[in-house]
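Take a look at the letters that make up each chain.
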Amino acid sequence: MKALITGASRGLGLALARALAQDGWSLILDARGASDLEKISADLAAAGVDVTALAGDIADPAHREALVRASDGLDLLVNNASTLGATPLPRLAEYPSPELERAFAVNVLGPLALIQGVLPALRARRGAIVNVTSDAAREPYEGWGGYGATKAALDQLSNVLAAEEPEIAVWWVDPGEMRTRMLADAGEDADAAPLPEDVAVPALRRLIGERPASGRYAVGDL
């Protein structure tokens, strides 16, 4: 089994990569931070994991092409890479357009383009897609309008994709609040939140292993 995980150098992406490695998966790992990704890849390889690390920006077409080329025999795509957008989190009335455009490029357009690139491999193996979403896609949290709008778009993209690709499992998953750098960058008390490996990863493992119907899931559902 082979999985491609974006945003795999820290947080949920890293925790899920380690969990899937324990389950015997081969991994293709993506992240913007080359040095962190290289260290993680080396640690996994030393433990006997078949791992390919490709550093780059998911919004970059050339980087996405490299990921697609490495994805022969792919069983699972996890679109986890994400950007918070402008910080400190601005109200929509003052949201700078360049930062919002960047957020949509990373959180929506990049994942869709990557999906388009690996769909032939996933179709051939009746594979699965996990798109990591957020409760900010649905709730009116002040300051979260930009990020939430990108996740709402990813939700609907996933919803339509599930209808159009019935042979592939498509899950869009709200992992809940986690102790991550992104949460800290948003000005929240990240230290009070649980670690990704304690909450989100067990739920994702169950999702991937049991393969329920395509749809939107929260960690509490799993």
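Notes on the structure follow. Owing to the predicted nature of the structure, the values given are computational and were not obtained by experimental measurement.

**Concerning unusual backbone geometry**
Now for step 1: Note that the residue after T87, namely P88, is joined by a cis bond; omega there is -10°.
Now for step 2: Positive phi values are uncommon outside glycine, yet R126 reaches one of about 50°.
Now for step 3: Residue classification places R126 among the partly exposed residues on the basis of a relative accessible area of 49%.

**Digging into helix α4 (residues 97-124)**
Now for step 1: With 28 residues, α4 extends 40 Å between its outermost C-alpha atoms, agreeing within 8% with the 40 Å of an ideal straight helix rising 1.5 Å per residue.
Now for step 2: The sharpest bend along α4 comes to roughly 50°, located at V118, with the proline P120 sitting one to four residues further on.
Now for step 3: All buried positions along α4 are accounted for by A103, V106, N107, V108, G110, P111, L114, I115, V118, L119, A121 and L122.
Now for step 4: In the core, the buried residues of α4 are packed alongside β1 (2-5), α3 (61-69), β4 (76-79), β5 (128-132) and α5 (145-164).
Now for step 5: Looking at the residues trailing α4, positive phi occurs at R126, about 50°.

**Considering the packing of aromatic side chains**
Now for step 1: Across all of its chains, the model carries one aromatic pair by this definition.
Now for step 2: Each ring, one from W144 and one from Y147, has its centre 5.7 Å from the other, and the planes form 75°; the classification is edge-to-face.
Now for step 3: Looking at W144, the relative accessible area reads 13%, which means it is buried.
Now for step 4: According to the relative accessible area criterion, Y147 is buried, its value standing at 8%.

**Observations regarding the side chain of K151**
Now for step 1: Looking at the secondary structure, you find K151 in helix α5.
Now for step 2: An unpaired buried charge is present at K151: no salt bridge exists, and D155, the closest side chain of opposite charge, is 7.8 Å distant.

**Description of the environment of L29**
Now for step 1: By the element assignment, L29 lies in strand β2 (residues 26-31).
Now for step 2: Residues L29 and P96, 67 residues apart in the sequence, show an inter-C-alpha distance of 31 Å.
Now for step 3: Non-local contacts of L29, meaning those with residues more than four positions away in its chain, are made with I5, A8, A17, L37, I40, L44, V51, T52, A53 and L54.

**Focus: the side chain of S26**
Now for step 1: Mapping S26 onto the fold places it in strand β2.
Now for step 2: In this structure, S26 is in contact with M1, K2, A3 and D50, ignoring residues within four places of it in sequence.

**Considering the environment of W172**
Now for step 1: As for its placement among the helices and strands, W172 is situated in strand β6 (residues 169-174).
Now for step 2: In this structure W172 comes out as buried when scored by relative accessible area, which is 6%.
Now for step 3: When the C-alpha positions of W172 and A55 are compared, they lie 24 Å apart, and in sequence the two are 117 residues distant.
Now for step 4: When sequence neighbours within four positions are dropped, the list of residues in contact with W172 reads N131, T133, D155, S158, N159, A162, G215, R216 and Y217.

**Concerning the environment of D221**
Now for step 1: Tracing the backbone through its elements, the reader meets D221 in the segment after β7 (215-218).
Now for step 2: Residues D221 and V173, 48 residues apart in the sequence, show an inter-C-alpha distance of 9.8 Å.

**Considering the pattern of salt bridges**
Now for step 1: Following the criterion strictly, the structure yields nine salt bridges and no others.
Now for step 2: The partner of R205 in a salt bridge is D23, and the shortest N-O contact between them spans 3.0 Å. In this pair, R205 is assigned in helix α7 (residues 196-210) and D23 in the loop between α1 (11-22) and β2, connecting sequence segments 182 residues apart.
Now for step 3: By relative accessible area, which is 31% here, R205 ends up partly exposed.
Now for step 4: You can call D23 partly exposed: its relative accessible area is 38%.
Now for step 5: For D75, the salt bridge identified is with R125, shortest N-O distance 2.7 Å. On the criterion of sequence distance, the pair formed by D75 in the loop between α3 and β4 and R125 in the loop between α4 and β5 is long-range, its members being 50 residues apart.

Each value, and the rule that gives it
Residues numbered from 1 in each chain as written. Predicted model: local features only at pLDDT ≥ 70, side-chain atom pairs only at ≥ 80, totals over all residues. Heavy atoms only, no water. Buried < 20%, exposed > 50% of the residue type's maximum accessible area, 1.4 Å probe, protein only. Helix = DSSP H or I, 4+ residues; strand = E, 2+ residues; numbered from the N terminus. Expected span 1.5 Å × (residues − 1). Bend = angle between axes of the 7 residues up to and from the residue. Contact = heavy atoms within 4.5 Å. Phe/Tyr/Trp six-rings, centres within 6.5 Å; stacked < 30°, edge-to-face > 60°. Lys, Arg positive; Asp, Glu negative; His and termini not counted. Salt bridge = Lys/Arg side-chain N within 4 Å of Asp/Glu carboxyl O.

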